[in-house]
Amino acid sequence: MRVLTVNAGSSSLKLALLDGEERVLGERELAGAPHGTDRRQLHEALAGELEGAEAASHRIVHGGERYREPVLLDEHVERELAALAELAPLHQAKSLAALAAVREALPGVPHVACFDTAYHAGIPPAAHTYALPAGWRERHPLRRFGFHGLSHSWVAARAPELTGGAGGGRIVSCHLGAGASLCAIEDGRSRDTTMGFTPLEGLVMATRSGSVDPGMLPWLMEREGLSPAQLTDALEHRSGLLGLAGSADMREVLEAAGAGGEPAKLALAVYVHRLRGAIAAMAAAIGGVETLVFTGGVGERSSSLRADTAAGLAFLGVALDAQRNGEARADCEIGAAGAAVRTLVVHAREDIQLARGARAVLGAAPRGHSPGPAP
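Position labels on residues start from 1 in each chain and follow its written sequence. Selection of residues for local features in this predicted model requires a pLDDT of at least 70, selection of side-chain atom pairs for listing and counting requires 80 or more, and totals for whole chains, interfaces and linings are taken over all residues. Computation of side-chain values covers all heavy atoms of the structure but excludes hydrogens and water.

**Quick notes on the sheet that holds strand S11 (residues 332-333)**
Rules: Note on pairing: two strands pair once DSSP finds at least 2 bridges between them. In DSSP terms, a helix is any run of H or I states spanning at least four residues, a strand is any run of E spanning at least two, and both are numbered starting from the N terminus. A contact between two residues is defined here by any heavy atoms of the two lying within 4.5 Å. Note on geometry: axes are lines fitted to C-alpha atoms, helical ones only across the stretch in contact, with angles between N-to-C directions running from 0 to 180 degrees.
Here six strands make up an open sheet; going across it, the order is S9-S8-S7-S10-S12-S11 and the pairing mixed. The outermost strands of the open sheet, each flanked by one partner alone, are strand S9 (189-193) and S11. Packing of helix H6 (residues 149-162) onto the sheet brings it into contact with strand S7 (170-176), strand S8 (180-186), strand S10 (291-295), S11 and strand S12 (342-345), and relative to S7 it is tilted by some 125 degrees. Packing against the sheet, helix H11 (residues 262-285) makes contact with S7, S8, S9 and S10, and its axis sits at approximately 20 degrees to S8.

Take a look at the structure:
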């Protein structure tokens, strides 16, 4: 089965066509947020290098408590996913807009949703429970959901292949891009993660603050005269690297820091400080780390950021080979010889996970019938 994978980002729509052996037959990235995607370009791509799709698989950021497995999309499922948009305001609406655009172009094929939250659905209660009043927790789904599950689950599968099976039991996966999160993986399963109820929790990101003192938020609302919507906008869109350095692009921040810019130097220091601490916390969640993996756009491309991060993790057994790290491109080892922890760079392959999810659904149920989410 040839599967079209649809990955809606904050400013682009990534499409790829994979055959039954997971080979990429064609790929295209369309500029513009999905709701503003040029329909003509989309139709041209689907009639050109992406022609012949027999199914479409969509990355959906939030599946809530119900959707823990890939599911065939229908009107009922789409309504439930739209209701979750407030929990992932940067992504959910864009994913659903991409679905509408691709379905308009490919009305005759089944469409499947694969969820970034699904991989973390089984993390233990100690990791997913917030210490909040019981009544709140009974009335609302207040738990750590976690995100980037398609990327982290790919790391869980790919890292043992690259290490020959050694060090595959306990992995800390670092997905670093515009959004960023870590995952503690034990024997292939997510055991803890840094993002929480929404993708705002955890690390410093491109425009998101990451974790902040919750007591500071009502204080700011009162003194700045902010509404909940205004506060959310500031934390989601005007914080992170952008708030610290004036740019959300890590490449620009690194360049400015290298030129001696104090705001950029501070931004990098804060980013790396938080990242190191979170890596150590993920290692603690699984009783130590055997393999450290960098993935995502920043994790794969920035050798200097990887080096700065690793420099503070010697106590865990992390050490990089400077030449291997500097020359790394994708799916390779960059750790120093004899280091206790294997360190890898892994190319993010959410497309493969999306295609596998679609085949799992469509291979188990006839077209037009949704098997529904796992309980």
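That covers the picture; the talk isn't over yet.
**Focus: unusual backbone geometry**
This is how the line gets drawn: Burial classification: accessible surface area is computed with a 1.4 Å probe over protein chains only, and a residue below 20% of its type maximum counts as buried, one above 50% as exposed, and the rest as partly exposed.
The phi angle at His 148 is positive, at roughly 55 degrees, despite the residue not being glycine. As for its placement among the helices and strands, His 148 is situated in the loop between helix H5 (134-139) and H6. Residue class for His 148 comes out buried when judged on its relative accessible area of 7%. A positive phi angle is found at Asp 187, which is not glycine, with a value near 50 degrees. As for its position among the elements, Asp 187 is in the loop between S8 and S9. Taking relative accessible area as the criterion, Asp 187 reaches 64% and is therefore assigned exposed.

**Remarks on helix H3 (residues 92-105)**
To keep it simple, the criterion reads: Multiplying 1.5 Å by the residue count of a helix minus one yields the expected span of that helix.
The first and last C-alpha atoms of H3 sit 20 Å apart over 14 residues, in line with the 20 Å expected at 1.5 Å per residue. The buried count for H3 comes to ten of 14 residues, which makes it a mostly enclosed element. Along H3, the positions that sit buried rather than exposed are Gln 92, Lys 94, Ser 95, Leu 96, Ala 97, Ala 98, Leu 99, Ala 101, Val 102 and Ala 105. Looking at the buried positions of H3, the neighbouring elements they touch are strand S1 (3-8), strand S2 (12-18), helix H1 (39-47), strand S4 (55-60), helix H2 (75-82) and strand S6 (111-115).

**Here's the deal with the layout of surface pockets**
Put simply, the test is: Both cavities and pockets are sets of points on a 1 Å grid over the protein atoms alone; in a cavity a 1.4 Å probe fits but cannot get out, in a pocket the set is open with protein on both sides within 12 Å along at least five of seven lines, and lining residues sit with an atom within 4 Å of a point. Grid points are joined across faces, edges and corners, and a volume is the space filled by probe spheres set on the points. By the convention adopted, Pro, Cys, Tyr, Trp, Phe, Met, Ile, Leu, Val and Ala count as nonpolar, Lys, Arg, Asp and Glu as charged, and the other residues, Gly among them, as polar.
Taken as a whole, the largest pocket holds about 1600 Å³ of empty space. If you go around the largest pocket, you meet 49 residues; those closest to its centre are Lys 14, Gly 177, Ala 178, Gly 297 and Arg 301. Of the residues forming the lining of the largest pocket, the biggest block, five residues, is contributed by helix H12 (residues 296-301). The residue makeup of the lining of the largest pocket, split by class, is 20 nonpolar, 16 polar and 13 charged.

**Some words on the side chain of Asp 116**
What counts is decided by this rule: Polar contact is the term for a pair of N or O atoms within 3.5 Å; when the atoms are in protein, one must be able to donate a hydrogen and the other to accept it, and sequence-neighboring residues count only if both atoms are side-chain atoms.
Examined against the element boundaries, Asp 116 turns out to sit in the loop between S6 and helix H4 (125-128). Look at Asp 116 and you get buried, because its relative accessible area is 0%. Reaching out from Asp 116, the side chain makes a polar contact with the backbone nitrogen of Leu 150 at a distance of 3.1 Å. Not counting chain neighbours up to four residues away, the residues in contact with Asp 116 comprise Arg 59, Ile 60, Val 61, Gly 146, Phe 147, His 148, Gly 149 and Leu 150.

**Remarks on the packing of H11 against helix H13 (residues 303-311)**
Packed helices, taken two at a time, are described by the angle their axes make and the gap between the axes. Under the convention used in this document: Angle categories are assigned with fixed cut-offs, so that under 35 degrees is roughly parallel, over 145 is roughly antiparallel, 65 to 115 is roughly perpendicular, and the rest are oblique. It is the rotation of the near helix from the far one that decides the hand of a crossing: anticlockwise by less than a right angle makes it left-handed, clockwise makes it right-handed.
Direction vectors running N to C along H11 and H13 enclose 55 degrees, while the axes themselves pass 9 Å from each other. What the angle tells us is that H11 and H13 run oblique. Along this stretch, H11 crosses H13, giving a crossing that reads as right-handed. Here H11 contributes Tyr 271, Val 272, Leu 275, Arg 276 and Ile 279 to the contact with H13, which in turn contributes Leu 305, Asp 308, Thr 309 and Ala 311. Looking at side-chain class alone, the contact of H11 with H13 contains six nonpolar, one polar and two charged residues.

**Describing the nonpolar core**
For clarity, the cut-off: To qualify as a nonpolar core, a set must consist of buried Ala, Val, Leu, Ile, Met, Phe, Trp, Tyr and Cys residues joined through side-chain atoms within 4.5 Å.
Leu 176, Tyr 271 and Leu 292 are the most contacted members of the largest nonpolar core, which has 38 residues in total. Every element with two or more residues in this core is listed here: S7, S8, helix H10 (250-258), H11, S10 and H13. A total of ten residues in this core trace back to one element, the largest contributor, which is H11. With near-sequence residues (within four places) excluded, Leu 292 lies in contact with Val 172, Cys 174, Ile 279, Leu 313, Val 318, Val 341, Arg 342, Thr 343 and Leu 344. Ranked by size, the runner-up nonpolar core spans 25 residues in total, among them Ala 16, Cys 114, Val 155 and Ile 185.

**Describing empty space enclosed by the protein**
Under the criterion given, the structure shown has two cavities of 30 Å³ or more. Estimates place the volume of the largest cavity at around 60 Å³. For the largest cavity, the full set of lining residues is Gly 64, Glu 65, Tyr 67, Arg 68, Thr 117, Ala 118, His 120, Ala 121, Arg 143 and Phe 145. Counted by class, the lining of the largest cavity contains four nonpolar, three polar and three charged residues. Here the second largest cavity defines a volume of roughly 30 Å³. Forming the walls of the second largest cavity are Leu 176, Leu 203, Val 204, Tyr 271, Arg 274 and Leu 275.

These results come straight from atomic positions and should not be treated as a statement about function.
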